[in-house]
Amino acid sequence: MHRRILFLFLGLTLAGASLAWGQTRHGFGGGDFHDRFLEVKRAQLGPALGVNQRTVDKLLAIDARYKPLRHQLVTGMKNDMKRLQQLMRQPSPPEREIKPLLADMKRKRLEMLNLQQRKDDEETALLTPMQQARYIMYLMSLIKEARNIKSGEGAHSGRNRPGVVGGDRGLGAPGGMPVPTLRPTEIPVSRPPR
């Protein structure tokens, strides 16, 4: 159970971080997206979790301490993936380059999990189990909103989009987030051999 929560939290954190990092080069409402994102988080986190401002400040300090390390790992992982794609496009990919690259990719992935575990341990030390659950739900809603802002969809996510269930209709992933669905023709069907 704890492992599932950790992986859910890791996924949410990485998704939120990648959305925020993807927006930092662009403006958002006349200001820097990251600064606005942090302002919103600082204002909403206390009421959303039921904690005081001191706890909010501690949570934000933990996040700020780990963010550069996470960013460095994510950048390295993206670069490794690009390099792997380049190598695999070659007619005869060089195994002597691929093997150490794959080992480095695995090391970075494990380092990312370790980093996330340390961050989660620090955050959970500050929060009760109920506050931890609220924090996960809050992060999910924050990521949803960031995706909506980034894609320009606003509050209409999931509406009139074929192949997507969710949005404000209360369906989809936890927190009402839209999720891709399969059309009936895309559902794999197992048929007995003739």
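Going by the structure above, here's the rest.
Residues numbered from 1 in each chain as written. Predicted model: local features only at pLDDT ≥ 70, side-chain atom pairs only at ≥ 80, totals over all residues. Heavy atoms only, no water.

## Comments concerning the overall build of the protein chain
- Of the regular secondary structure elements, the protein chain holds five helices and four strands.
- Counting from the amino terminus, the protein chain carries its helices and strands in the arrangement α-β-β-α-α-α-α-β-β.
- The proportion of buried residues among the 194 residues of the protein chain is 34%.
- For the protein chain, the proportion of contacts with a sequence separation of at least 24, taken over those separated by at least 6, is 57%.
- As displayed, the protein chain offers around 12700 Å² of accessible surface, 58% of which is attributable to carbon and sulfur atoms. (Helix = DSSP H or I, 4+ residues; strand = E, 2+ residues; numbered from the N terminus. Buried < 20%, exposed > 50% of the residue type's maximum accessible area, 1.4 Å probe, protein only. Contact = heavy atoms within 4.5 Å. Areas by Shrake-Rupley, 256 points an atom, 1.4 Å probe, with all protein chains shown as cover.)

## So, the environment of Arg-134
- Residue position: Arg-134 is located in helix 5 (residues 129–151).
- For Arg-134, a relative accessible area of 39% puts it in the partly exposed group.
- Ignoring any residue separated from it by four or fewer positions in sequence, one finds Arg-134 in contact with Ala-48, Leu-49 and Gly-50.

## So, the packing of helix 3 (residues 53–89) against helix 4 (residues 95–126)
- It is at 10 Å that the axes of helix 3 and helix 4 come closest, and there the two elements cross at 165°. Here helix 4 runs roughly antiparallel to helix 3, going by the angle between their axes. Crossing geometry of helix 3 relative to helix 4 is assigned as left-handed.
- Tallied by class, the residues present in the contact of helix 3 with helix 4 amount to 18 nonpolar, three polar and 15 charged. (Axes fitted to C-alpha atoms, helices over the stretch in contact; angles between N-to-C directions. Parallel < 35°, antiparallel > 145°, perpendicular 65-115°, else oblique. Left-handed = near helix turned anticlockwise from the far one by under 90°. Nonpolar A, V, L, I, M, F, W, Y, C, P; charged D, E, K, R; others polar.)

## Observations regarding the nonpolar core
- Formed by 14 residues in total, the largest nonpolar core has its most connected members in Leu-45, Leu-49, Leu-127 and Tyr-135.
- Elements with a contribution of two residues or more to this core: helix 2 (33–49), helix 3 and helix 5.
- With five residues, helix 5 is the largest single contributor of residues to this core.
- Membership of the second largest hydrophobic core comes to six residues, among which are Tyr-66, Leu-73, Met-112 and Leu-115. (Core = buried A, V, L, I, M, F, W, Y, C linked by side-chain atoms within 4.5 Å.)

## A closer look at the packing of helix 2 against helix 3
- Between helix 2 and helix 3, the shortest axis-to-axis distance is 9 Å and the interhelical angle comes to 140°. It follows from the interaxial angle that helix 2 and helix 3 lie oblique. The handedness of the crossing between helix 2 and helix 3 comes out as right-handed. Contact residues: helix 2 offers His-34, Leu-38, Lys-41, Arg-42, Leu-45, Gly-46 and Leu-49, while helix 3 offers Gln-53, Val-56, Asp-57, Leu-59, Leu-60, Asp-63 and Lys-67.

## Thoughts on the side chain of Asp-63
- With respect to the helices and strands, Asp-63 occurs in helix 3.
- The exposure class assigned to Asp-63 is buried, which follows from its relative accessible area of 8%.
- Non-local contacts of Asp-63, meaning those with residues more than four positions away in its chain, are made with Lys-41, Arg-70 and Lys-119.

## As for helix 3
- Helix length check: helix 3 (37 residues) gives 52 Å between terminal C-alpha atoms against 54 Å at 1.5 Å per residue, within 8%.
- A bend of about 35° at Lys-67 is the largest found in helix 3, and the proline Pro-68 appears one to four places after it. (Expected span 1.5 Å × (residues − 1). Bend = angle between axes of the 7 residues up to and from the residue.)

## Quick look at helix 5
- Here helix 5 contains 23 residues, and its C-alpha end-to-end distance of 33 Å stays within 8% of the 33 Å for a straight helix at 1.5 Å per residue.
- Restricting attention to buried positions, one finds in helix 5 the residues Gln-131, Tyr-135, Ile-136, Tyr-138, Leu-139, Met-140, Leu-142, Ile-143, Lys-144, Ala-146 and Asn-148.
- Backbone geometry just downstream of helix 5 places Gly-152 in the positive-phi region, at approximately 80°.

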